[in-house]
Amino acid sequence: MCGIVGYLGEGNVYDILIKGLHRLEYRGYDSAGVALVGKDGRINIFKTKGKVSNLEAFCADKNLDSSVGIAHTRWATHGEPSDTNAHPHFSEDGNIAIVHNGTIENYKVLKDALEQHGCTFHSETDTEVLAQLIEYIRLTNKCSLLSAVRQALKQVVGAYAIAVLEKDNPDTIIAARQSSPLVIGIGDGEFFLASDATPFVEYTKECVYLKDGEIAEIRRGESLKITNLDNVEAEIDVTTLKMSISQLEKGGYPHFMLKEIFEQPDTLRDCIRGRVVDRGSRIIINGINDHKDKFLGAKRIVIVACGTSWHAGLLGKYLLQDMCRIPVVVEYASEFRYSNPVIDKDDVVIAISQSGETADTLAAIQIAKKAGAFVFGISNVVGSSIPRETYAGCYIHVGPEIGVASTKAFTGQVMVLTLISLAIAQLRGTLTQDEIEQVGKAVLKIPTYVQRVLELADRIERLSLIFTYARNFLYLGRGYSYPVALEGALKLKEISYIHAEGYPAAEMKHGPIALIDQEMPTVIIAPKDHLYEKIVSNVQQVKARGGNILAIVTEGDTVISNIADHVLEVPEMPECLTPIITSVPLQLLSYYIAINKGKDVDMPRNLAKSVTVE
Ligand code: F6R
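Residues numbered from 1 in each chain as written. Predicted model: local features only at pLDDT ≥ 70, side-chain atom pairs only at ≥ 80, totals over all residues. Heavy atoms only, no water.

Draft legend 1. The arrangement of the site of the ligand in detail. Surrounding the ligand, one finds 14 residues, the nearest of these being S309, S353, S355, T358 and E494. One nitrogen or oxygen atom from the side chain of T358 is found 2.4 Å from an oxygen atom belonging to the ligand. Surface burial for the ligand is 90%, taken as the share of its 410 Å² of free accessible area covered by protein chains. Take the shell around the ligand: its biggest share by element is three residues, from helix α10 (residues 307-324). Within the shell around the ligand, the residues separate by chemical class into four nonpolar, eight polar and two charged. (Near = heavy atom within 4 Å. Polar contact = N/O pair within 3.5 Å; in protein donor to acceptor, adjacent residues only side chain to side chain. Areas by Shrake-Rupley, 256 points an atom, 1.4 Å probe, with all protein chains shown as cover. Helix = DSSP H or I, 4+ residues; strand = E, 2+ residues; numbered from the N terminus. Nonpolar A, V, L, I, M, F, W, Y, C, P; charged D, E, K, R; others polar.)

Draft legend 2. Inspection of the domain arrangement of the protein at higher detail. Taken as a whole, the protein is organised into domain 1 (3-247), domain 2 (250-451) and domain 3 (455-600). Here the C-alpha centroids of domain 1 and domain 3 sit 45 Å apart. (Domains from an automatic or database assignment.)

Draft legend 3. Local environment of the nonpolar core. Membership of the largest hydrophobic core comes to 97 residues, with the highest contact counts inside it found for F376, F473 and Y475. Each of domain 2 (250-451) and domain 3 (455-600) gives at least three residues to this core. F376 has contacts with G287, I288, F295, V349, I350, A351, T390, A392, G393, C394 and I420, leaving out every residue within four places of it along the chain. (Core = buried A, V, L, I, M, F, W, Y, C linked by side-chain atoms within 4.5 Å. Buried < 20%, exposed > 50% of the residue type's maximum accessible area, 1.4 Å probe, protein only. Contact = heavy atoms within 4.5 Å.)

Draft legend 4. Molecular detail of the packing of helix α14 (residues 408-428) against helix α20 (residues 578-596). As a packed pair, α14 and α20 sit with axes 10 Å apart at the nearest point and diverge in direction by 170°. One element, α14, and the other, α20, form an angle in the roughly antiparallel class. Here F410, T411, V414 and M415 of α14 come into contact with α20, specifically with P579, I580, S583 and Q587. Of the residues assigned to the contact of α14 with α20, the class counts are five nonpolar, three polar and no charged. (Axes fitted to C-alpha atoms, helices over the stretch in contact; angles between N-to-C directions. Parallel < 35°, antiparallel > 145°, perpendicular 65-115°, else oblique.)

See the structure below:
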């Protein structure tokens, strides 16, 4: 949540910052601002409520000349979205400006103490408290900005990624992180700073991921020094980015979400590459092969995740139980962390997160590590916190996901969970070689089959018109299709703001059946699997009560096609692979409904892609 950008160099500071903010807008977009040290030696802050485009309009007639600046796009935590609460924030004397991503938990105590020392606050944010605290320490202790930041951060409880500018020192940016991401791009005589590498990937591929508890002093003239809160110098570990600029652009699509939906044949190919070999007969997942003893000895697997990643995790439970015969529990990371969980050292904990930065998932990992469990991460963002905090793991390799509603990351996560299940089954001997080969071969066909499903897009767009004005939706599925129902409902809710509920189809008769009528579409995910006959009954139960049914069925299905009002046919697959195939038409349905309603699908209200606060 919240995106930070900083730049120190000879380029056009404002343009670089604004472009960077657009790239980070997926992290939050309720207000935005920039702080520039002007040629007059003053820090000028321009900030406004709303999206980055509002900020651009606001800045159109301003003097933006500068050679150093920091910028921010906000997802509000303390204080409503407003011009005043927008970042950057000044210290009271206007000497320093700060941008912040995270939450200062003890901000009230710090604020009260500063007020007693005569400080006046203008915003409701925890960030302004930090600005005032740093400046108060700098003035009281007559120390450098770097030292003041270090002393202030020692008093802070919570999460932060910050960038700080000082009026009288236009050749320096101070940056620090604790539980919120920050990466420094090293260019030719210039430095970039950002919440992820996307704002500077076209300028440099060399970067340094700041670690928790580290403070960077970025100085003009190619000097970068990293120390910790105790002023011990840290090694500078330079990473070369593999990301390309084309991955960050819409490539002719009207929205990132649609581009990402249509990318899935390729992203799934990338996800599978090198992992399913010998024509489907052998599965190689290095993170598992390198820790065979942990997976052979595992008594239980605990999956922790949030949101869409949790839905993938629920599918992981079905996959792992089916293929590996290990008990699996799936927990919302936010519940797990405060539930006094019972974790054994023989448990394997799998943490799933697209961004690799979700605060609750990171906290769950720490708890599992403390209890002595082996922790394995599944993530998309290379170099993010979750891969660094786990003992082993596996990237989904689907490329940057920018649309706030997760699509290609979900199918990538499910794919990786399928491969992990096959790899563990191979290791533990819980599937025969024939069974592994049968699924392995089908996995190799998935990209082509997803391509076929995408050909339904025009039909789904037409169908979406029928459903656009419904006020509630019910999504039903059984077995592997139940998590797909949950995910389908979440996708619709988050981008079209229509209430939708995902439910296990057989549970419907214990309550939600009371809601069924012509007004409420029921989407039923009913591919040919071992529960097919059961779900046919559920379809009949909905129809008998006058329900309006859209069913996702296997090609050639005649039974459900005769009962449902509308059907979308998807190719036949082994049961464990159907979720990847059936979730794609639901992504498209949500997309088109949201478009019909005129919603901003890439930046739905109140949401942010990377949830780095509790
Ligand atoms: C929904 C969505 C969110 C995320 C959730 C976890 O489309 O994107 O529900 O899945 O915020 O995020 P990650 O996977 O980054 O931990």
